[in-house]
Amino acid sequence: MLETTCPHCGRRNRHHMAVRAGAGPPTPGNVSLCIGCFRPAVYENGPAGLRLRLPSADELSTIEANPQYQRAVRKLRDRQPDRRPDSSPDGRGAAGRREVNC
Ligand SMILES: [Zn+2]
């Protein structure tokens, strides 16, 4: 299972859902939308596999102008995320992320 940490709020995200049907698992350069703070991050390769980093100012402008991203943010804000029990040691609760393939 891919687990990532949001570079904005520190939330540990274990679940993801691609916005685009048939997009498959995230790859470097894909954008993640945190279910905790609704802010975007970018997947990159790290020493232990995929991780998230803050987008650059240019990337952020591109991401925020993407209609898929705008729809994903609206959907996330309109619905409450599932709150399932979490066995993580920090007790942050259930986590998830929503991937936007730009
Ligand atoms: Zn976050």
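Because the structure is a prediction, the values reported are computed rather than measured.

## Thoughts on the overall build of the protein chain
Here is step 1 of the chain: A tally of regular secondary structure across the protein chain gives two helices and seven strands.
Here is step 2 of the chain: Each helix (α) and strand (β) of the protein chain, taken in turn from the N terminus, gives the series β-β-β-β-β-β-α-α-β.
Here is step 3 of the chain: The burial tally for the protein chain puts 23% of its 102 residues in the buried class.
Here is step 4 of the chain: For the protein chain, restricting intrachain contacts to residue pairs at least 6 apart in sequence, the fraction spanning at least 24 positions comes to 62%.

## Observations concerning the environment of N45
Here is step 1 of the chain: Relative to the elements of secondary structure, N45 occurs in strand β5 (residues 40-46).
Here is step 2 of the chain: With 11 C-beta atoms counted inside 10 Å, the residue N45 sits in the exposed group.
Here is step 3 of the chain: In this structure, the C-alpha to C-alpha distance between N45 and G29, residues 16 residues apart in sequence, is 9.2 Å.
Here is step 4 of the chain: With residues up to four places along the chain from it excluded, the contact list for N45 reads P28 and L50.

## Things to note about the confidence of the model for the protein chain
Here is step 1 of the chain: On average, residues of the protein chain score 79 in pLDDT, and 75% of them reach the 70 mark or higher.
Here is step 2 of the chain: When pLDDT is averaged over each element of the protein chain, helix α1 (residues 57-64) comes out on top at 95 and strand β7 (residues 97-100) at the bottom at 54.
Here is step 3 of the chain: Contacts of residues 83-97 to residues separated by more than four positions or lying in other chains number 32 contacts, the stretch itself having pLDDT below 50.

Rules used throughout
- Residues numbered from 1 in each chain as written.
- Predicted model: local features only at pLDDT ≥ 70, side-chain atom pairs only at ≥ 80, totals over all residues.
- Helix = DSSP H or I, 4+ residues; strand = E, 2+ residues; numbered from the N terminus.
- Buried ≥ 20, exposed ≤ 12 C-beta atoms within 10 Å, placed from the backbone.
- Contact = placed C-beta atoms within 7 Å.
- pLDDT = per-residue confidence, 0-100.

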